[in-house]
Structure formats: structure tokens, C-alpha cells
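Each chain, written out:
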Amino acid sequence: MYFHGGNILNSTNLNTDLGGNILRAPMQVLVIPYKLFSGIPEFCIFKRSDDNYWQFIAGGGEDNETSLDAAKREAFEEANLEQTLSYYQLTSRFYVPADCISEKHRKYWSADTFVLPEYCFAVNIGNKPIKLSSEHTEYYWTTYEKAKEMLYWETNKTALFELYNRIKLNIF
């Protein structure tokens, strides 16, 4: 290991803290798994284990990951979705307050990091199974209308709106 720009780099060139943990990048990703059932889209929503609300797969980037790489990793970690599936980046992009992320991660960021970009992706998983991580207690396949009612975050609802209309009009 050696120092570079105030961070410790290990032999794989990943930025890590003194404990060897990979540093959290100042960005978020949102992933919407969906499938078509007789031509009608169904969306998979997830219930948080640490709170009582529904959302899509979400998480932060690690080290110097691209947003797509972070989306694939988060989908694999949270739902066991194959990273070889085709992910589509939505136009929807949001910003979330940086202080919603633990100080243990934020302390490595620039002092002027007040908001984080949230990049949104969709992935048609077809008949692939979902296997939950401990981050969620359950998942639920549902229609656009029901998902819109159940989702907690407005950003999730807006990204869902975009995806639903792209599917309806076959614009990808």
C-alpha cells in the first residue's frame, strides 16, 4: 500500500481507508428491474430491512467505478442479478443531499460535496430469479400504477415514469 492524494492505494489501485475498506464514491445509482409479462411491464420493488418503505435497488459507487459498473454491482449485491444482463441508462438523473451518507464515508470527499448525482438504470431481467440480500426483507413484482403508489422516494417514481413510457412507446 502507498499514499496518493491523501488516500491509501492498495496493489489493485483501489482507494481504501486505513482499515483496507474501499472508499465510497460521491455518487448514487438507482436500478429498476423489470420484465414483460404477456407484453405488459412489471416492475420489481424492494422493501428495506432497516426501514419500512419500498424502493428500487439503490446504492453508492465505490472508488473510481463508472455509474454503470456501480449499478451492475449493486443489482448483483442486493438482488443477485447477473452483471451480464443489458442495463439501459435512463435520462432521469437526480441529486441527493450528501449528508444522507454516513460521515465515515463523507470524510474522504471534498469539503464542497453537498449533493450527489443519482444515475438511473433499467434492466429487463426476463425470467431470471431474484435472491435478496440482507438489505431487503422482501420484493414484489407489480404494475406501474401499484409501484407508483408503493414507492417511497419521488426520484424512484420519476425514473419509473420514464421507464414505463419508454417501454410503452418502445423508445430505448
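Description of the structure in this document. Within each chain, residue numbers correspond to sequence positions counted from 1 in written order. At least 70 in pLDDT is required for a residue's local features to be given in this predicted model, at least 80 for side-chain atom pairs to be given and counted, and no such filter applies to totals for whole chains, interfaces and linings, which use all residues. In computing side-chain properties, one takes all heavy atoms of the structure into account and sets aside hydrogens as well as water.

### With respect to the overall build of the protein
A run of H or I in DSSP counts as a helix once it spans at least four residues, and a run of E counts as a strand once it spans at least two, with each numbered from the N terminus. Summing up its helical and strand segments, the protein has 4 helices and 10 strands in all. Secondary structure elements of the protein, listed N to C terminal, follow the sequence β-β-β-β-β-β-β-α-β-α-β-β-α-α. Any residue under 20% of the maximum accessible area for its type is buried, any over 50% is exposed, and the rest in between are partly exposed; the area is computed with a 1.4 Å probe on protein chains only. Looking at the protein as a whole, 47% of its 172 residues are labelled buried. Contacts in the protein between residues far apart in sequence, at least 24 positions, make up 67% of those at least 6 positions apart. About 9,600 Å² of surface is accessible on the protein, with carbon and sulfur atoms providing 51% of the total. Here, two residues are considered to be in contact whenever any of their heavy atoms come within 4.5 Å of each other. Working definition of accessibility: Shrake-Rupley area with a 1.4 Å probe, residue cover restricted to the visible protein chains.

### Some words on the nonpolar core
With 20 residues, the main nonpolar core has Ile32, Phe43, Phe56, Leu90, Ala159, Leu160 and Leu163 as its most contacted residues. Going through the elements one at a time, strand 4 (24–37), strand 5 (40–48), strand 8 (87–97), strand 9 (115–124), helix 3 (144–150) and helix 4 (154–169) are the ones with two or more residues in this core. Looking at this core, the element that brings in the most residues is helix 4, giving 5 residues. Here Ile32 is in contact with Phe43, Phe56, Leu90, Phe121, Ala122, Val123, Ala159, Leu160 and Leu163, once residues within four sequence places are set aside. Grouped together as the second largest cluster of nonpolar side chains are 19 residues, Ala25, Ala71, Ala79 and Tyr87 included. For the purposes of this section, nonpolar cores are sets of buried Ala, Val, Leu, Ile, Met, Phe, Trp, Tyr and Cys residues that join through side-chain atoms within 4.5 Å.

### Let's talk about helix 1 (residues 67–79)
Here helix 1 contains 13 residues, and its C-alpha end-to-end distance of 18 Å stays within 8% of the 18 Å for a straight helix at 1.5 Å per residue. Three or more residues of helix 1 are buried, namely Ser67, Ala70, Ala71, Lys72, Arg73, Glu74, Ala75, Glu78 and Ala79. Within two residues after helix 1, Asn80 carries a phi angle of roughly 60°, on the positive side. Expected span of a helix, by definition, is 1.5 Å for each gap between consecutive residues, and there is one gap fewer than residues.

### Examining the layout of surface pockets
When its volume is computed, the largest pocket comes out at roughly 850 Å³. Think of a 1 Å grid over the protein atoms and nothing else: a 1.4 Å probe that fits but is trapped marks a cavity, an open set flanked by protein within 12 Å on at least five of seven lines marks a pocket, and residues with an atom within 4 Å of a point count as lining. Taken together, 34 residues line the largest pocket, and the ones lying closest to its centre are Arg24, Gln28, Gly59, Cys100 and Ile101. Listed by contribution, the elements that provide at least two residues to the lining of the largest pocket are strand 4, strand 7 (57–62), helix 1, helix 2 (103–106) and helix 4. Ranked by the residues each element gives to the lining of the largest pocket, the list is headed by strand 7, at 5 residues. Tallied by class, the residues present in the lining of the largest pocket amount to 11 nonpolar, 10 polar and 13 charged. Grid points are joined across faces, edges and corners, and a volume is the space filled by probe spheres set on the points. Only Asp, Glu, Lys and Arg are considered charged, only Ala, Val, Leu, Ile, Met, Phe, Trp, Tyr, Cys and Pro nonpolar, and every remaining residue, Gly among them, polar.

### What to know about the packing of aromatic side chains
In this scheme Phe, Tyr and Trp rings, the latter by its six-membered ring, pair at centre separations within 6.5 Å, and the angle between planes marks the pair as stacked below 30 degrees, edge-to-face above 60, and tilted otherwise. A complete count under the given rule lists 7 aromatic pairs for this structure. For the pair Trp54 and Tyr140, a centre-to-centre distance of 6.2 Å together with 55° between the ring planes defines the contact as tilted. Remark: Tyr140 occurs in strand 10 (residues 136–142) and Trp54 occurs in strand 6 (residues 54–55); sequence separation between them is 86 residues. Taking the relative accessible area as the measure of exposure, Tyr140 reaches 36% and is therefore partly exposed. Ring centres of Tyr144 and Tyr164 lie 4.1 Å apart, and the angle between their planes is 10°; this geometry places the pair in the stacked category. Within this pair, whereas Tyr144 is found in helix 3, its partner Tyr164 is found in helix 4, the two being separated by 20 residues in sequence. In terms of burial, Tyr144 and Tyr164 fall into one category: buried. Chaining the aromatic ring pairs together yields one cluster made of Tyr53, Tyr152 and Trp153. Whether a charge lies above a ring is judged from NZ of Lys or CZ of Arg, which has to be within 6 Å of the ring centre and within 35 degrees of the ring normal. Seen from the ring of Trp141, Lys35 lies directly overhead, with NZ or CZ sitting 4.3 Å from the centre.

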